[in-house]
Amino acid sequence: MKERILGVRERIDAAVKRSGRTEGSVLLVAISKTFPAEAVVEAARAGLSTFGENRVQEAAAKIPRVAELLASARMPPPTWHLVGHLQSNKARQAVALFDLVHSVDSAGLAAKLEVAAASCGKRLPVLIQVNVSGEGSKSGVEPGSLRALVDAVATCSHLELRGLMTIPPYDPDPERSRPHFAALRELGERVRGWLGPGADAGELSMGMTEDFEIAVEEGATIVRVGRALFGERAA
Ligand SMILES: *Cc1c(COP(=O)(O)O)cnc(C)c1O
């Protein structure tokens, strides 16, 4: 696990250098879906501190278990990100479990998260998921509807819009993801223009095991890596 983490970190750092970006400007989120709490604890002991899950139900069992195991080793709980599609009826649970939600893709979901966050007395950082290609992934707002969704999230006083997220359509050639990543970066610049100076909405969550280096070259500030850290998932 230590070697895998080091390997991924080195590849991120190399891509940061190649693109002339500031060192340490990319957050590595370890996607632990399908892997047990014990694997998360091993990764935490090896130095990772941010984990991502794509299903609320799986996370609801894993997150408290990880906290318990780490507490008995006198280690603090990690930070948890929700990276998968969120159904409105799970908004309350998601707010209770996660520190950042990557997948806000409708005003209806934002409204549900706002109510849930208000009732927990919590401010929830969120990203808006964009379907930059208009095909492939079913989740994400269309670029043409992004402005309306940004405005809707901005009216939610318990949500903090931190940036954008995308999942490009699957392609065996990772270079084919590059234009989608560049498109998300351009949309991110527009969002910052709309919100004006002072808004802290510059995060770009993009890149997975197959294409995270390309995503970093195109400006990713958050990469979501599963298999390169934990190994292949059972089918
Ligand atoms: C599974 C998943 C990842 C990680 O994928 P790997 O190919 O294992 O790196 C990243 N983002 C989302 C939204 C995922 O569901």
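That block above? That's the structure.
Quick look at the structure, then. This is a predicted model, so every value here is computed, not measured.

So, the pairing of strand E4 (residues 100–104)
Summarising burial for E4: five of the five residues are buried, a large majority. Here strand E3 (residues 79–82) pairs with E4 via two bridges, running parallel. Across the sheet, residue histidine 81 finds its bridge partner in E4, namely leucine 100. For the crossover from E3 across helix H4 (residues 91–97) to E4, the handedness is right-handed. The sheet contact formed by E4 and strand E5 (residues 124–129) spans two bridges and is parallel. Note on E5: the bridge partner recorded for valine 101 is valine 126.

Here we look at the packing of helix H6 (residues 146–154) against helix H7 (residues 178–195)
Between H6 and H7, whose axes approach to 11 Å, the crossing angle comes to 45°. Compared by their axis directions, H6 and H7 come out oblique. Between H6 and H7 lies a crossing whose hand is right-handed. Residues Leu146, Arg147 and Val150 of H6 form the contact with H7, whose participating residues are Leu187, Val191, Trp194 and Leu195. Here the contact of H6 with H7 is built from residues that sort into six nonpolar, no polar and one charged.

Observations concerning helix H1 (residues 2–18)
Three or four residues apart is the spacing at which side chains of an α-helix point the same way, because the helix has 3.6 residues per turn. Between its first and last C-alpha atoms H1 spans 24 Å; for 17 residues at 1.5 Å apiece the expected length is 24 Å, and the two agree. Every buried residue of H1 is listed here: Ile5, Val8, Ile12, Ala15 and Val16. Around the axis of H1, the buried residues are gathered within 105° of arc, so they sit on the same side. Of the exposed residues in H1, the ones pointing more than 90 degrees away from its buried face are Lys2, Glu3, Leu6, Glu10, Lys17 and Arg18. Tucked into the core, H1 has its buried residues touching strand E1 (27–31), helix H2 (37–45), helix H8 (212–217), strand E8 (222–225) and helix H9 (227–230). Phi for glycine 20, located one or two positions after H1, is positive at around 70°.

Examining the pairing of E1
The buried count for E1 comes to four of five residues, which makes it a mostly enclosed element. Alignment of E1 against E8, held across four bridges, turns out to be parallel. Counted as the bridge partner of valine 29 is arginine 224 from E8. Sheet topology places E1 next to strand E2 (residues 50–53); two bridges connect them, and they run parallel. Across the sheet, the residue bridging to alanine 30 is phenylalanine 51, located in E2.

Description of the site of the ligand
For the ligand, the full set of nearby residues is Ile31, Lys33, Asn54, Val83, Ile167, Met208, Thr209, Arg224, Val225, Gly226, Arg227 and Arg233. Residue threonine 209 places a side-chain N or O atom 2.5 Å away from an oxygen atom belonging to the ligand. Separating an oxygen atom of the ligand from a backbone N or O atom of glycine 226 is a distance of 2.8 Å. With the chains in place, 93% of the 390 Å² that the ligand exposes on its own is no longer accessible. Grouping the amino acids of the shell around the ligand by side-chain chemistry returns five nonpolar, three polar and four charged.

Details of the packing of aromatic side chains
Counted by the stated rule, this structure contains two aromatic pairs. Ring geometry for phenylalanine 35 and phenylalanine 230: centres 5.2 Å apart, planes at 25°, overall stacked. Of the two residues, phenylalanine 35 is situated in the loop between E1 and H2 and phenylalanine 230 in helix H9; the sequence distance between them amounts to 195 residues. In terms of burial, phenylalanine 35 and phenylalanine 230 fall into one category: buried. Ring plane angle 40° and centroid distance 5.7 Å describe the contact between phenylalanine 51 and tryptophan 80, whose orientation is recorded as tilted. On the criterion of sequence distance, the pair formed by phenylalanine 51 in strand E2 and tryptophan 80 in strand E3 is long-range, its members being 29 residues apart. Grouping residues by exposure puts phenylalanine 51 and tryptophan 80 together as buried.

Calculation notes
- Along each chain, numbering runs from 1 in the same order as the chain's sequence is written.
- Restriction of local features to residues with pLDDT of at least 70 applies here, the model being predicted, together with a cutoff of 80 or more for giving and counting side-chain atom pairs; totals for whole chains, interfaces and linings are based on all residues.
- Side-chain measures were taken over the full set of non-hydrogen atoms in the model, leaving aside hydrogen atoms and water.
- Only protein chains enter the accessibility calculation, which uses a 1.4 Å probe; a residue whose area is less than 20% of its type maximum is buried, one above 50% is exposed, and one in between is partly exposed.
- The helix and strand labels rest on DSSP assignments: H or I over at least four residues marks a helix, E over at least two residues marks a strand, and numbering proceeds from the N terminus.
- A pair of strands is treated as paired once DSSP finds two or more bridges between them.
- Here, the term right-handed applies to a crossover whose path from the first strand over the helix to the second runs clockwise when the strands point away from the viewer.
- Each axis is a line fitted through C-alpha atoms, taken for helices only over the stretch in contact, and angles between the N-to-C directions span 0 to 180 degrees.
- Put simply, angles under 35 degrees are roughly parallel, angles over 145 are roughly antiparallel, angles from 65 to 115 are roughly perpendicular, and the rest are oblique.
- By convention the crossing between two helices is left-handed if the near helix lies anticlockwise of the far one by an angle smaller than a right angle, and right-handed if it lies clockwise.
- We call two residues in contact whenever any of their non-hydrogen atoms come within 4.5 Å of each other.
- Three classes are used, and their members are as follows: Ala, Val, Leu, Ile, Met, Phe, Trp, Tyr, Cys and Pro are nonpolar, Asp, Glu, Lys and Arg are charged, and the others, Gly among them, are polar.
- One fewer than the residue count of a helix, multiplied by 1.5 Å, yields its expected span.
- It is the directions from the helix axis to the C-beta atoms whose arc is reported.
- Throughout, near means a residue has at least one heavy atom within 4 Å of the molecule or strand.
- Distance and chemistry together define a polar contact, namely a pair of N or O atoms within 3.5 Å, with one atom able to donate a hydrogen and the other to accept it when in protein, and with adjacent residues in sequence counting only for side-chain atoms on both sides.
- Calculation of accessible area relied on Shrake-Rupley with a 1.4 Å probe; when residues are assessed, cover is drawn exclusively from the protein chains displayed.
- What counts as a ring pair is set by centres within 6.5 Å for rings of Phe, Tyr and Trp (its six-membered ring), and what kind of pair is set by the plane angle: stacked under 30 degrees, edge-to-face over 60, tilted for all other angles.

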